[in-house]
Amino acid sequence: MDRATLIRTAWPEKYQADRPDPHGKVKSYQANFCAEVETRFGFAGKRVLEVGGALNRDFVLNDLQVKSWTAIQELSYWESIGRGTGDLGTIDYPSFDAADPKTLGPYQVITAPIERLPEKFYESFDLVISIAAFTFVQQVGPALDKIYRGLSPGGGFAVMAAQIWSSESGLFYHTVTDKMGRLFSSYPIAGHSNPVLPWWHLLVQPTDMYDRLCRTTDCEAAGNIVQELFYSRRINRLFAEDYAKYFATSPFQRYGKMQTNIAQQDLPNAALQKKLEARHPGRRDFNTHMILAYGQRLI
Ligand SMILES: C[S@@+](CC[C@H](N)C(=O)[O-])C[C@H]1O[C@@H](n2cnc3c(N)ncnc32)[C@H](O)[C@@H]1O
């Protein structure tokens, strides 16, 4: 069996315990993406930077056989969904300040945003991967710039971003409780429901959304849902076209190689497509649920 197939199938089965990262589960979408990255770039012997996550330590060191793994995460994301440092497992460095790329161990977690990667980390990695995190990165342009600088010449970059704001599945809000004790969330959490109907986040103005939600729940909870949905800093609310532009103007496109998979496809429902285009002039793509992009630094 080739290594990519092993990653996709046999290896994740060893990591099914539901413990905090970096000892937790290897989820199927993570394993599938790692298998794809294995085929394109290979992991063995590489210094890898993971942006927005901390994959299981044993998986990356023993199975992917990397030389070193540096995982960076933004703590405010976890705090905003009610999870703190305890849920994240070990944090080796609370910021980039204390971490020295020359003395890093084989595996470490740093809580810091990629947009702030300092110069001391430039050209420190052979491969940068990011799984299901770019939707949450606030400054995608600067993040791509830093990722390019963090790579040594020849280094590869692979990103998978899901739940794009401009699609039906792009809304996020987490645990709003109303006066009757009902729990609301856009996440599929047991015991939670979602009064925000499909496409509302793209079709209904915040003020109208508030008005509609006040008829389903109390107005305080309605206000909290609107606040979370439209104004929280947890997600970036970029449209699929925005990602395409950021990738197309990134240093990967200008000085290296960039391959993006963001195909514009009209929705099967033509009337809905028309309504969305009217509400968001200049936008066409409301049917991208996942973005895959691969880059390489050449100089
Ligand atoms: C939905 S979680 C995904 C976690 C994991 N990769 C997975 O596949 O389940 C999003 C992650 O992105 C991280 N994140 C958000 N903004 C970031 C930023 N600017 N730099 C680095 N990580 C960031 C959050 O801390 C969080 O770990």
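Residues numbered from 1 in each chain as written. Predicted model: local features only at pLDDT ≥ 70, side-chain atom pairs only at ≥ 80, totals over all residues.

Turning to the overall build of the protein, a few remarks are in order. Within the protein one finds 12 helices and 10 strands. Taking 2.2 N^0.38 as the reference for a compact globule, 299 residues should give roughly 19 Å; the C-alpha atoms of the protein span a radius of gyration of 20 Å, in line with that estimate. The principal-axis extent of the C-alpha atoms belonging to the protein is close to 55 × 40 × 40 Å. By residue count, 38% of the 299 residues in the protein fall in the buried class. Of the contacts formed within the protein by residues at least 6 apart in sequence, a portion of 67% connects residues at least 24 apart. (Helix = DSSP H or I, 4+ residues; strand = E, 2+ residues; numbered from the N terminus. Rg over C-alpha atoms; globule rule 2.2 N^0.38 Å. Buried ≥ 20, exposed ≤ 12 C-beta atoms within 10 Å, placed from the backbone. Contact = placed C-beta atoms within 7 Å.)

Once that is clear, we can look at the pairing of strand E5 (residues 151-162). Across 6 bridges, strand E4 (residues 125-131) lies against E5 in parallel orientation. Bridge pairing links serine 130 to valine 159 in E5. For the crossover that starts at E4, traverses helix H6 (residues 140-150) and ends in the parallel E5, the hand is right-handed. Two elements, E5 and strand E10 (residues 290-296), share 7 bridges in a ladder whose sense is antiparallel. Counted as the bridge partner of methionine 160 is leucine 292 from E10. (Pairing = 2+ DSSP bridges. Right-handed = clockwise from strand over helix to strand, strands pointing away.)

Our next topic: the site of the ligand. What surrounds the ligand is a group of 18 residues, the closest being Gly52, Gly53, Glu74, Pro113 and Ala133. Every element with two or more residues in the shell around the ligand is listed here: strand E2 (68-73) and helix H4 (75-80). Of the residues assigned to the shell around the ligand, the class counts are 11 nonpolar, 5 polar and 2 charged. (Near = placed C-beta within 6 Å. Nonpolar A, V, L, I, M, F, W, Y, C, P; charged D, E, K, R; others polar.)

Before going further, it helps to examine the sheet that holds E2. Here we have 7 strands laid out as an open sheet, ordered E3-E2-E1-E4-E5-E10-E9, and mixed in their pairing. Two strands bound the open sheet, and with one partner strand each, they are strand E3 (107-111) and strand E9 (257-261). With direction set aside, neighbouring strand axes in the sheet form an average angle of 15 degrees. Judged from the 5 bridges that link them, E9 and E10 form a sheet pairing that is antiparallel. Residue pairing for E10: lysine 257 is matched across the bridge by glutamine 296. Contacts from helix H2 (residues 28-40) reach E4, E5 and E10 within the one sheet, and its direction differs from that of E5 by about 150 degrees. (Axes fitted to C-alpha atoms, helices over the stretch in contact; angles between N-to-C directions.)

Next up on the list: the environment of glycine 223. In this structure, glycine 223 sits in helix H9 (residues 219-231). Since 15 C-beta atoms lie within 10 Å of it, glycine 223 is described here as partly exposed. Taking the C-alpha atoms as reference points, glycine 223 and tyrosine 210, separated by 13 residues in sequence, lie 6.1 Å from one another.

Our next topic: H9. End to end, H9 covers 17 Å across 13 residues, agreeing with the expected 18 Å (1.5 Å per residue, within 8%). Three or more residues of H9 are buried, namely Ala221, Ala222, Ile225, Val226, Glu228 and Leu229. For H9, the angular spread of buried residues about the axis comes to 165 degrees, placing them on one side. Exposed and facing more than 90 degrees away from the buried side of H9 are Glu220 and Tyr231. Looking at the packing, one finds that the buried side of H9 touches strand E6 (176-177), strand E7 (183-184), helix H7 (200-203) and helix H8 (206-213). (Expected span 1.5 Å × (residues − 1). Arc of directions from axis to C-beta.)

Okay, the sheet that holds E6 next. Here we have 3 strands laid out as an open sheet, ordered E6-E7-E8, and mixed in their pairing. At either margin of the open sheet sits one strand with a lone partner, and together these are E6 and strand E8 (192-193). In the sheet, E7 pairs with E8 via 2 bridges, with the strands oriented parallel. Bridging across to E8, leucine 183 finds its partner in histidine 192.

Turning our eyes to something else, we now look at the packing of H8 against H9. Two elements in contact, H8 and H9, have axes whose closest approach is 9 Å; the angle formed by their N-to-C orientations is 145 degrees. Where H8 crosses over H9, the two elements pack in a sense that is right-handed. Only Ala222, Gly223, Ile225, Val226 and Phe230 of H9 make contact with H8, whose side of the interface consists of Pro206, Met209, Tyr210 and Leu213. Grouping the constituent residues of the contact of H8 with H9 by class yields 8 nonpolar, 1 polar and no charged. (Left-handed = near helix turned anticlockwise from the far one by under 90°.)

Time to look at unusual backbone geometry. If you check the backbone angles, glutamine 163 has positive phi at about 55 degrees while not being a glycine. According to the C-beta neighbour criterion, glutamine 163 is partly exposed, with 17 such atoms within 10 Å. A positive phi angle, near 55 degrees, is found at arginine 237, a position not held by glycine.

Turning our attention to the environment of glycine 141. In this structure, glycine 141 sits in helix H6. Look at glycine 141 and you get partly exposed, because 15 C-beta atoms sit within 10 Å. Distance from glycine 141 to asparagine 287, taken between C-alpha atoms, is 22 Å for residues 146 residues apart in sequence.

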